[in-house]
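Coordinates in review
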Amino acid sequence: MLTDSFAARASSAWFDRTLDALSRRQPAIAALLPGLVAQPLDPDAVARCWDRVVALSTPAGSPAAGTGRAAADPGPALRRARQILVLAIIERDVRQLAPLAEVCGAISAWARIATAVAVRHAGAELAEVHGLPADADGHPQDLLVVGMGKLGGDELNVSSDIDLVFVHRDDGETAGGTGRPLSSGEFFHRLARRASGLLSDVTEDGFVFRVDTRLRPNGESGPLVVTLPMLEQYFYDQGREWERFAWLKSKVIADSGLAGPEARRRDEASLGGIVQPFVFRRYLDFAAFGAMRELHAMIRSEAQRRSARRDSSDGGGIDVKLGRGGIREVEFCAQLFQIVRGGRDAQLRDRRTLVTLESIAQRRLLEPAAADRLANAYMLLRRVEHAVQYQEDAQTHRLPDDPQVQARIAGMLAMTPEGFAAALRAARDDVEGVFDALLAEPVRETPATEAAPAPMLELDDAGRARVAALHEGRRYRLARPDTQRRIDQLLEQALREGEPAPGAPGAPRTADGTWLGRLIDLLETVAGRPAYLALLLQYPAAFRRLLEMIGQAKWAADYLMRHPVVLDELLDGQILERADLAAWEHELRRSLAATTTREGEPDFERRMDVLREAHHAQVFRLLAQDLAGRLTVERLSDHLSELADRVLAIVLDLGWAQVRGRHRETPAFAVIAYGKHGGKELGYASDLDLVFVYEDDDEGAQPAYAQLAQRLSVWLSTRTAAGLLFEIDLRLRPNGNAGLMVSSLRAFETYQRESAWVWEHQALTRARFAAGDAALGARFEALRRDILAQPRDPVALAAEVRTMRRKMLDGHPNRSELFDVKHDPGGMVDIEFLVQYLVLAHANAHPELIDDAGNIALLERAARAGLLDAQSAADVAQAYRDFRRLQHVLRLNDARYARVEPASVAAQREAVRALWETVLGTD
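The sections below set out a description of the structure shown in this document.

Within the sequence span of helix H30 (residues 745–754), burial applies to Leu 745, Phe 748, Tyr 751 and Gln 752. What you see down the axis of H30 is that its buried residues fit within an arc of 125°, all on one side. Relative to its buried face, H30 has exposed residues pointing more than 90 degrees away, namely Arg 746 and Glu 754. Along its buried surface, H30 packs onto strand E10 (669–674), strand E11 (688–694), strand E13 (742–744), helix H31 (758–764) and helix H32 (774–788).

A few words now on the packing of helix H13 (residues 327–341) against helix H17 (residues 417–438). Two elements in contact, H13 and H17, have axes separated by 9 Å at closest approach and are oriented at 35°. Between H13 and H17 lies a crossing whose hand is left-handed. Taken together, the residues of H17 that come into contact with H13 (itself represented by Glu 329, Val 330, Phe 332, Cys 333 and Phe 337) are Val 431, Glu 432, Val 434, Phe 435 and Leu 438. Among the residues forming the contact of H13 with H17, the class breakdown is eight nonpolar, no polar and two charged.

Bringing the pattern of salt bridges into the picture now. Taken as a whole and assessed by the stated rule, the structure comprises 67 salt bridges. Arg 589 serves as the salt-bridge partner of Glu 585, at 3.0 Å between the closest nitrogen and oxygen. Here the residue Glu 585 and the residue Arg 589 both occupy positions in helix H25 (residues 581–593), the gap between them amounting to four residues, near one helical turn. Assessed through its relative accessible area of 12%, Glu 585 is described here as buried. For the salt bridge of Arg 913 with Asp 830, the shortest nitrogen-to-oxygen distance reads 2.6 Å. One end of the pair, Arg 913, is in helix H37 (residues 906–920); the other, Asp 830, is in helix H34 (residues 828–842), and 83 residues separate them in sequence. Shared partners join several salt bridges into a network, and the residues in it are Glu 585, Arg 589, Glu 642, Arg 646 and Asp 653.

Let's shift gears to the side chain of Arg 92. By secondary structure assignment, the location of Arg 92 is in helix H5 (residues 75–94). The exposure class of Arg 92 is buried, given its relative accessible area of 5%. If we skip the residues at most four places from it in the chain, Arg 92 touches Leu 36, Val 37, Ala 38, Gln 39, Pro 40, Leu 41, Leu 97, Ala 98 and Glu 102.

In the structure shown here, the tally under the stated rule is 15 aromatic pairs. Measuring from ring centre to ring centre gives 5.4 Å for Phe 235 and Trp 247, while their planes differ by 85°; the resulting arrangement is edge-to-face. Note that Phe 235 is positioned in helix H9 (residues 228–237) and Trp 247 in helix H10 (residues 241–247), a separation of 12 residues in sequence. Trp 247 matches Phe 235 in its accessibility class, with the two residues each being buried. Considering the side-chain rings of Phe 748 and Phe 780, the 5.7 Å spacing of their centres and the 55° angle between planes classify their relative orientation as tilted. With Phe 748 in helix H30 and Phe 780 in helix H32, the pair connects residues that are 32 residues apart, well separated along the chain.

Judged by nonpolar contacts, the single largest core of 109 residues is most densely connected at Leu 33, Trp 50, Ile 84, Trp 110, Phe 209 and Ile 409. Considering every element that reaches this core, the biggest residue donor is helix H6 (residues 100–130), with 16 residues. Not counting residues up to four positions away in its chain, the partners in contact with Ile 409 are Ala 387, Val 388, Gln 391, Leu 399 and Phe 420. By size, the runner-up hydrophobic cluster in this structure holds 94 residues, among which are Leu 523, Leu 533, Val 565 and Ala 644.

So, on to the pairing of strand E3 (residues 162–168). Judged by how many residues are buried, E3 sits mostly within the fold: six of seven residues are covered. Where E3 meets strand E5 (residues 211–212), two bridges bridge the pair, whose relative direction is parallel. Paired with Asp 163 across the two strands is Asp 212, which belongs to E5. Sheet topology places E3 next to strand E6 (residues 225–227); three bridges connect them, and they run parallel. Bridged to Phe 166 within E6 is Val 225.

Cut-offs applied
Each chain carries its own residue numbering, running from 1 in the written order of its sequence. Local features in a predicted model are, by the rule used here, given only for residues with pLDDT of at least 70; side-chain atom pairs are given and counted only at 80 or more, and totals for whole chains, interfaces and linings are based on all residues. To obtain the side-chain values, all non-hydrogen atoms of the structure were used and water was disregarded. Using a 1.4 Å probe on the protein chains alone, a residue whose accessible area is under 20% of its type maximum counts as buried, one over 50% counts as exposed, and one in between counts as partly exposed. By the criteria applied, helices consist of DSSP H or I runs no shorter than four residues and strands consist of E runs no shorter than two, each listed in order from the N terminus. By definition, the arc is the one covered by directions from the helix axis to the C-beta atoms. Here a residue-residue contact requires only that any non-hydrogen atoms of the pair lie within 4.5 Å. Geometry is summarised by axes, namely lines fitted to C-alpha atoms with helices restricted to the contacting stretch, and by angles between N-to-C directions that run from 0 to 180 degrees. In this scheme the handedness of a crossing depends on how the near helix is turned from the far one: anticlockwise by less than a right angle means left-handed, clockwise means right-handed. The classification used treats Ala, Val, Leu, Ile, Met, Phe, Trp, Tyr, Cys and Pro as nonpolar, Asp, Glu, Lys and Arg as charged, and all other residues, Gly among them, as polar. Any carboxyl oxygen of Asp or Glu within 4 Å of a side-chain nitrogen of Lys or Arg constitutes a salt bridge here. Two rings from Phe, Tyr or Trp (for Trp, the six-membered ring) form a pair when their centres are within 6.5 Å of each other. A pair whose planes differ by under 30 degrees is stacked, one over 60 is edge-to-face, and the rest are tilted. Working definition of a nonpolar core: buried Ala, Val, Leu, Ile, Met, Phe, Trp, Tyr and Cys residues. They are joined through side-chain atoms within 4.5 Å. Two strands qualify as a pair provided that DSSP identifies no fewer than 2 bridges between them.

These figures come from the coordinates and say nothing about function on their own.
Dropping the structure here:
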């Protein structure tokens, strides 16, 4: 008999009885307890414990002795191993030696081992008689055991059921046994029943796990074992929303071991390919909020019925799992974000609740403080749940009202009764608060009526006609009734909250060219995607921000119509804060790496969409900051240019991974940005002017890098279901369209020194390394500086620049009476040519002009060098700022040309033309 030195003896009657009984019947196994308590119970320790129990339970001289396998009947060893492990877990927990992760991880590891032992034992017995099961093509197949719920997430309690679903590949027949063959379905049905009995039957040694198989398709009325095609068809035809939550944590935990590891790998990949699209939709699934409300109501109703049936002698108490502010509500908070967003963000698919809460906080889907409160509450509630179950090894989640029991539970958690009661109350309040905020009912849906809602009566004739056109349009008429109601609700809400149209206060609202017309266009566009309508109804603040944005800029409305997936960004309370683009790139790379096919191979087609969606979302965030006045045009361009650089870096890696016969791990390849991208003056819709160079003497280098350049073009400019990344222009490469798509740095240098036109050196003033091999980028920059610093005849150069300027002007005729702030004389192009001339003419004597510092900074440097009058340079620099701002505002509102009344910019034009004539002269 072991001593009374175990702390859990005083806390758990079950511990006391079980240890005494085990010490009498199996003293050698009971003697393992001190060693188990002394060390953390990680999965390896659990496996070693099982091996020891097998050895101690196997009679000497039996065929299994010394093999590490259970005897003919593994049942007794499984039950004894369960007893000693649970005793060790309880003792380590009561002594505060085991964190929550260890307690849950140990019992979950044991469930995997025990299930595998039971399934493989039952399979071997059946196969000896009936032969090995095969599919219709005669290929061997296994029974896969899918762990659901807490088992799938490694979050079991010591007294948990295990929820299992049994799956196999397809119909077929057994072959090779001593008895009659069976259909594969019948074979696996018998196997599942035997394995379940091995685990759940109660004997003198107790049980291993209670087994619950009701989460299978059609529950208790469905077959115990399903094939992969049956499961797929069930999900497609009958899969309910609550089943998506049930399958979210599913994981294959065991197989029957009859077909080999390769067969399991293939079948497991096929199963994942069926489950993943059922659980995680490719679009943002905000309809899941309604499903979660229904599921929560169903569970709460069942919990209340159970509570009502309880005998009054049970003492009432608190249900720490299903009650308000309980464990299930924490799990629902985490799972809600997984269901809604997991289809687009693979990093949100982790099965563990605490890991998911951390990911949610990192993405600020919940305020980090709220996520922390949920995590802390979850850990306390789970520890309380464990302590309650330790009392009698019972599957209960109810903390009794009995003060003595509560004091005992508090002691097991190393807390005073008063501190325990306060901590539990605070934890439940925290959970309830966050849960209720997440699942607050949206604006109440009202049935559609023939009478126009009151706010719509304020519309003018054009507005009423536009709303009528919406209702008569094909998209609205083909939408489901609930979608039509949502559209009408959003229109009502917009009319109730929207600002009056321009004009006198209280003027009738109109749909002619204003925010309301843009909203109607957007609602029509997303009519076929009800999830986005659900999002806007669920989050009124996001809808108000949407109205503000589309009221300020037509480009914002058009962008949302092209990329409605970015509506999700409106929910982020940090949308107006500066983004950490390095962190954005890191997360995007992780998401791309996790985007694979059913077979685990890179899914390049889906990766194209993931990349585009992420880029669109980040551009939309910048747009929101821009419209909120948080960014100057210059800062916006800096961010857009950096974003483009980071996309190029990602695409370069993705493209190189697709190059066949690549001869090195990383390419000696650089992407050079020219034009607005090179000068960090990108706008929302700017093309990328790119040149590709490499430096590699391998004989296979040129064809490999040519293939890479083609891949880059495909990644950047292919239009997919998610849209386009960038239009790209490669005509600035040596010899333009007639030249190779990619050049060696040596060939690029030769061309620039011997064959380049002046305009190509002008373009080089705005070139910079954007992505790829940084060392090669540095060598390119050194070459660029050397070429730009060559001495040039300023008179001949000025003539060349004037000639090129005339050609550009001829290519952009302006037949209107307005001033084109970009192309007309005195506009932006004049300023850009002025700066380029100054660099080419004077860089030899003033190397500070070679830096790719932007037009405004270079004008200031030229003035400091004495090349320009300081006031003239400052006036032209300000003109450039003004022109860029005007161009930006006009393009946001869909102007085809950036043209304004000449008088509004007369001073800026005169300053530019005066400096032009001073520096470049006239013909």
